[in-house]
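Residue-level listing of the chains:
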Amino acid sequence: SIAWDLKGRFWLSEVNLATFETRSRRIEPAPQGESVSMLHPVSGRLWAVEGGRGEVYEADVDTGTVRKLGGGPNPEVHYKASLYWNPVTGRVGSFGGYGRFRVNNKRHEFDERLRQWIEVKESPGGPVPWPRTGQDRSLIAGSDPTRIFMEGGSGSPSGIQAREVKGLRGFNSQFHNLDDVWELDLKSNRWTELLPNARFPEAPDKSSIFFYHPKFDGLVLLK
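If you're wondering where the values come from, they're calculated on a predicted model, not measured in any experiment.

**So, the sheet that holds strand β6 (residues 56-59)**
With respect to topology, four strands assemble into an open sheet ordered β4-β5-β6-β7, the strand pairing being antiparallel. In this open sheet, the two strands that pair with only one neighbour each are β4 (35-39) and β7 (66-70). Looking at each pair of strands side by side, their axes are set apart by 25° on average, direction ignored. Of the strand pairs in this sheet, β6 and β7 are connected by four bridges, and their pairing is antiparallel. Bridge pairing links alanine 59 to valine 66 in β7.

**Describing the pairing of strand β9 (residues 91-99)**
For β9, the buried fraction is high: eight of the nine residues fall into the buried class. Relative to β9, strand β8 (residues 82-86) is paired through five bridges, and the arrangement is antiparallel. Within β9, the residue paired with tryptophan 85 across the bridge is valine 92. Between β8 and β9, which follow one another and run antiparallel, lie four residues, and glycine 90 among them has a positive phi close to 70°. Between β9 and strand β10 (residues 102-111), which pair antiparallel and follow one another directly, the connecting turn spans two residues, one of which, arginine 100, has a positive phi of 55°.

**Quick word on the sheet that holds β9**
Ordered in space as β8-β9-β10-β11, the four strands form an open sheet in which the pairing is antiparallel. With partners counted over all chains shown, the strands left at the sheet margins are β8 and β11 (116-119), one partner each. On average, adjacent strands in this sheet sit at an angle of 35° to one another, irrespective of strand direction. In this sheet, β10 lies alongside β9 in antiparallel orientation, the contact comprising seven bridges. From the neighbouring strand, phenylalanine 95 faces β10, where its bridge partner is arginine 107.

What counts and how
- Residues numbered from 1 in each chain as written.
- Predicted model: local features only at pLDDT ≥ 70, side-chain atom pairs only at ≥ 80, totals over all residues.
- Heavy atoms only, no water.
- Pairing = 2+ DSSP bridges.
- Helix = DSSP H or I, 4+ residues; strand = E, 2+ residues; numbered from the N terminus.
- Axes fitted to C-alpha atoms, helices over the stretch in contact; angles between N-to-C directions.
- Buried < 20%, exposed > 50% of the residue type's maximum accessible area, 1.4 Å probe, protein only.

This is the structure in structure tokens:
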């Protein structure tokens, strides 16, 4: 994972699963400002993306070597976006995010050859999720890697900050805490709503954990 300190320095942190010992080391060049990260499933290297959809950095977890892959500049409208892997296109994707007092539900994928982000158009005619942030409500891959599940996050139907909707729980100073569940089919670029908003007795908070259970072929919620 990546970590920041109060001086804006960039640290690569890792855990030895045999001994549970942690190690952190400072690496450069570092993303400028807040970033999201994921382990690339093909290269095995850590990717860090400025602002959720800006400059892409690749870190070798063994040597600590970092290189820029392109993708900048940061448009500053995708903070707290969710990253995912698309095995159909062979690209890392970015969904949603927050910036300039709005959230969005746009989806982009990073083309390593072109060194830029490309917007993905969803299949016409079907439902799409509300605009939302997603860093702490990640996209979860199932047994079929072309199907991705998404739970919750925070957002609003209009995308505008601080616009309440009657009946939704957990409204905070920014957006509603959403408890809906969606499935994204990466082969057809089509979203399916599996569970609408406001179905849980209490809206899941940051202490909740969603994960995919292969035996049930579905999501399990731990609260």
